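# Tertiary structure, described
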Amino acid sequence: MTASPATNPLALVTGGSAGIGLELARLLAKDGHDLVITGSSDRVNAAAEDLRQSGVQVTPVRSDLATEDGTNAVIDAITDTGRPLDIAVFNAGIAIGGAFVDIPLQDHLRLIALNILSPVRMAHALIPGMARNGGGRILLVSSLSATTPTPYESVYGPSKAFLTSFGHSIREELSGTGVQITILHPGATATDFHARAGMGATEFGDNSWKNDPARVARQGYAALMAGETSLIGGDAATQEAGREHKRLSEEEKARRHAKMARPTAGQ
Ligand SMILES: NC(=O)c1ccc[n+]([C@@H]2O[C@H](COP(=O)([O-])OP(=O)(O)OC[C@H]3O[C@@H](n4cnc5c(N)ncnc54)[C@H](OP(=O)(O)O)[C@@H]3O)[C@@H](O)[C@H]2O)c1
C-alpha cells in the first residue's frame, strides 16, 4: 500500500480474521480506523472485505506469526503504509490441549513462538515509531489463564503470564512517552479457539456457557480507549473467577483447571 493522505487513524489487529480479534477490528472500523488485520489462513481476506463495509481502508496480511518471517511481514505492512500507527492489538494466539509430555516438543515451541516471540518482536519494532509520533495505544490480549496454572494446556497459561508481566513491565518504561499499554484477560470465550486447541472433549469444548466474543471485545476496546491498564473480559462469573484467582493457592487453582481441561473418559 502506498502512503495516502488518509486522515483516519491506523490500527493493527493480529488475528483480526476471527473470534475476539475480528470483533475488536469491527469496533475499530466502526469508529473510523483504517486497519491492517492479520491471519494465518485465507479467511483474513473475507474478514477484510466485511470490515470495508464500514467505509475504512483495510489491508489484510496472511502470514504465520509463529515464524520470524511471518511476523516481519506484518511489521513491513505497517511500515509500507508510510503512516503513523495509532493502535496495535496483539491478539493472535493459540492453546494446545493435552498432557505436556504427550504433545510433541515442536508444538509447544510453536505456541511459544506465536504467543510470546511474535508480540515481543512486533512491540520492539513498532513502539519506537509510536513514541516518535507522540504516542499510541497497545492492547495485549492475554487471558484469565495468565492468573492460574493451566494443566492439560500447560504451556498456554505460562505464555499468557509472560505477556501480562511483559505488558506491565514496558508500561512503566514507557510512562511519559504517550504510548499506553492495556492488557485484556478474557475468560473462556465462544470462538473456534478450544476446538482448534484439540480440546473438544473437555469442559472447554462446549461453547454454550462461554463468553460472547463481541462482549469481551467491547470491554477490551472501552478499556483501551479509556487508558485503563488491565482488565478481565467476560460476564459476572468470569469477573468472580478473576477475584478468586487472587485468593486461591496455585495448587488449588491447578486442581480446578485440570478438572476443566482434562479430556473426559473414553475420548
Ligand atoms: N477463546 C477463549 O476462550 C480465549 C480466552 C482467553 C484468551 N483468549 C485469547 O484471545 C486471543 C484470540 O483468541 P480467539 O478465541 O479469538 O481465537 P480464534 O477464534 O481461534 O482466532 C484466532 C486468530 O488468530 C489467528 N491465528 C492463529 N494462529 C495463527 C498463526 N500461527 N499466525 C497468524 N495468525 C494466527 C487466526 O487466524 P486464522 O484463523 O486465519 O489462522 C485468528 O484470526 C488469543 O490470543 C487467545 O489466547 C481466548
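A brief structural summary. These numbers were taken from a predicted model, which means no experiment stands behind them.

### Structural notes on the sheet that holds strand β6 (residues 179-186)
Sheet architecture is open: seven strands sit in the order β3-β2-β1-β4-β5-β6-β7, paired in parallel fashion. The open sheet has two edge strands, β3 (58-62) and β7 (230-233), and neither has a second partner. Sheet twist, expressed as the mean angle between neighbouring strand axes with direction ignored, is 15 degrees. As judged from the three bridges shared by strand β1 (residues 10-13) and strand β4 (residues 87-90), these two strands associate in the parallel manner. Bridge pairing in β4 links alanine 11 to isoleucine 87.

### Digging into the site of the ligand
Around the ligand there are 32 residues in total, and Ser40, Ser41, Asn91, Thr191 and Arg196 lie nearest to it. For the ligand, a nitrogen atom lies 2.9 Å from a polar atom in the side chain of aspartate 64. Contact between the ligand and leucine 65: a nitrogen atom at 2.9 Å from a main-chain N or O atom of the residue. When isolated, the ligand has an accessible area of 900 Å², and the protein chains bury 98% of it. Sorting the residues of the shell around the ligand by element identifies α1 (19-30), α4 (105-132), α5 (156-173) and α6 (193-196) as the ones contributing at least two each. By residue number, the principal contributor to the shell around the ligand is α6, which donates three residues. Class assignment of the residues belonging to the shell around the ligand gives a composition of 11 nonpolar, 15 polar and six charged.

### Some details on the nonpolar core
Grouped together as the largest cluster of nonpolar side chains are 42 residues, with contacts concentrated most on Leu12, Leu85, Phe90, Met122, Leu126 and Ile138. Contributing elements (two or more residues each) for this core: β1, α3 (68-81), β4, α4, β5 (136-141), α5 and β6. Here this core gets eight residues from one element, more than from any other, and that element is α4. When residues no more than four places from it in sequence are discounted, the contact partners of methionine 122 are Leu12, Thr14, Leu65, Thr71, Val74, Ile75 and Phe90. The next biggest cluster of nonpolar side chains, apart from the first, holds 28 residues, and it includes Val13, Leu51, Val58 and Val216.

Cut-offs and rules
In this numbering scheme, every chain counts its residues from 1 along its sequence in written order. With the structure being a predicted model, the display of local features is reserved for residues of pLDDT at least 70 and the display and counting of side-chain atom pairs for 80 or more, all residues being used for whole-chain, interface and lining totals. By convention in this description, side-chain values take in all heavy atoms of the structure and omit both hydrogens and water. In short, DSSP must find at least two bridges between two strands for them to pair. Segments assigned H or I by DSSP are reported as helices when at least four residues long, segments assigned E as strands when at least two residues long, and all are numbered from the N terminus. The angle between two axes is taken between their N-to-C directions and runs from 0 to 180 degrees, where each axis is a line fitted to C-alpha atoms and a helix contributes only its stretch in contact. Here a residue counts as near a molecule or strand whenever at least one of its heavy atoms sits within 4 Å of it. Whenever two N or O atoms come within 3.5 Å, that pair is a polar contact, provided that in protein one can donate a hydrogen and the other can accept it, and provided that, for residues adjacent in sequence, both atoms are side-chain atoms. Method for areas: the Shrake-Rupley scheme with a 1.4 Å probe, in which residue coverage is limited to the protein chains shown. Residues are grouped as follows: Ala, Val, Leu, Ile, Met, Phe, Trp, Tyr, Cys and Pro are nonpolar; Asp, Glu, Lys and Arg are charged; every other residue, Gly included, is polar. Definition used in this section: a nonpolar core is a set of buried Ala, Val, Leu, Ile, Met, Phe, Trp, Tyr and Cys residues joined via side-chain atoms within 4.5 Å. Only protein chains enter the accessibility calculation, which uses a 1.4 Å probe; a residue whose area is less than 20% of its type maximum is buried, one above 50% is exposed, and one in between is partly exposed. In what follows, a contact means two residues having at least one pair of non-hydrogen atoms within 4.5 Å.

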